[in-house]
Amino acid sequence: QVQLVESGGGLVQAGGSLRLSCAASGRTFSTYTMGWFRQAPGKEREFVAAIDRSAGSEWLVNSVQGRFTISRDNAKYTGYLQMRNLQPEDTATYYCATGPRVAGNPAIASQYDFWGQGTQVTVSS
């Protein structure tokens, strides 16, 4: 079992930056792919980014490429999502997720067994 706690959300103006953190409780976190998803009001949860256990592979949805960076520090059992040039359409609750069944396409949410409670990101225009 892995517990995840996100932090770092907040209110920022368009063009601003935030760094989200995802702190994991268990050492097994370092053996799993980690993903970030977001859900805006009235919309379905969507994939944002993922990074494999060794940080050797990364995936980013097209809409955030060039603006967001995903990373992890396995020694600290923590993952990060650095977000730059934020836009109002990035407003959402952001969730980190992980688990042993993530394989192939990391954008598939049903593969992830462990989820954080989410952190709100609001971007004003």
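**Side note on the overall build of the protein chain**
In step 1: Across its full length, the protein chain carries 0 helices and 11 strands.
In step 2: Reading the secondary structure of the protein chain in the N-to-C direction produces β-β-β-β-β-β-β-β-β-β-β.
In step 3: Relative to a compact globule of 125 residues, whose C-alpha radius of gyration would be 14 Å, the protein chain shows 13 Å and is just as compact.
In step 4: Projecting the C-alpha coordinates of the protein chain onto the three principal axes gives extents of approximately 40 × 25 × 25 Å.

**A few points about the state of the cysteines**
In step 1: The tally for this structure, following the rule as stated, stands at 1 disulfide.
In step 2: Each disulfide pairs two cysteine sulfurs, and for Cys22 the partner residue is Cys96, the sulfurs being separated by 2.1 Å. Linking Cys22 and Cys96, the disulfide has an S-S dihedral of approximately 70 degrees and is accordingly described as right-handed. Taken as a pair, Cys22 in strand β3 (residues 18–24) and Cys96 in strand β9 (residues 92–98) lie far apart in primary sequence, 74 residues in all.
In step 3: When its relative accessible area of 0% is taken as the criterion, Cys22 is described as buried.

**Quick look at the pattern of salt bridges**
In step 1: Inspection of the entire model under this criterion finds 4 salt bridges.
In step 2: Put simply, Asp90 and Arg67 hold a salt bridge, and the shortest N to O gap is 2.7 Å. Taken together, the residues Asp90 in the loop between β8 (78–83) and β9 and Arg67 in the loop between β6 (58–60) and β7 (68–73) connect sequence positions 23 residues apart.
In step 3: Judged by its relative accessible area of 13%, Arg67 falls in the buried class.
In step 4: Residues joined by salt bridges that share partners form a network here, namely Arg38, Glu46, Arg67 and Asp90.

**Notes on the pairing of strand β5 (residues 46–51)**
In step 1: In terms of burial, β5 is a largely internal element, 5 of the 6 residues being buried.
In step 2: Pairing of strand β4 (residues 34–39) with β5 involves 5 bridges; the strand directions are antiparallel. Along β5, the bridge assignment pairs Arg38 with Glu46.
In step 3: Between the antiparallel neighbours β4 and β5 lie 6 residues, among them Gly42 with a positive phi of about 80 degrees.

**A short note on the environment of Pro106**
In step 1: Relative to the assigned elements, Pro106 resides in the loop between β9 and β10 (114–115).
In step 2: Overall, the relative accessible area of 3% leaves Pro106 in the buried class.
In step 3: Separated by 29 residues in the primary sequence, Pro106 and Tyr77 have C-alpha atoms spaced 19 Å apart.
In step 4: With residues up to four places along the chain from it excluded, the contact list for Pro106 reads Thr33, Phe37, Phe47, Ala50, Trp59, Gln111 and Tyr112.

Cut-offs used in this document
- Residues numbered from 1 in each chain as written.
- Predicted model: local features only at pLDDT ≥ 70, side-chain atom pairs only at ≥ 80, totals over all residues.
- Heavy atoms only, no water.
- Helix = DSSP H or I, 4+ residues; strand = E, 2+ residues; numbered from the N terminus.
- Rg over C-alpha atoms; globule rule 2.2 N^0.38 Å.
- Disulfide = S-S within 2.5 Å.
- Buried < 20%, exposed > 50% of the residue type's maximum accessible area, 1.4 Å probe, protein only.
- Salt bridge = Lys/Arg side-chain N within 4 Å of Asp/Glu carboxyl O.
- Pairing = 2+ DSSP bridges.
- Contact = heavy atoms within 4.5 Å.

Purely spatial values, then, with no claim about function.
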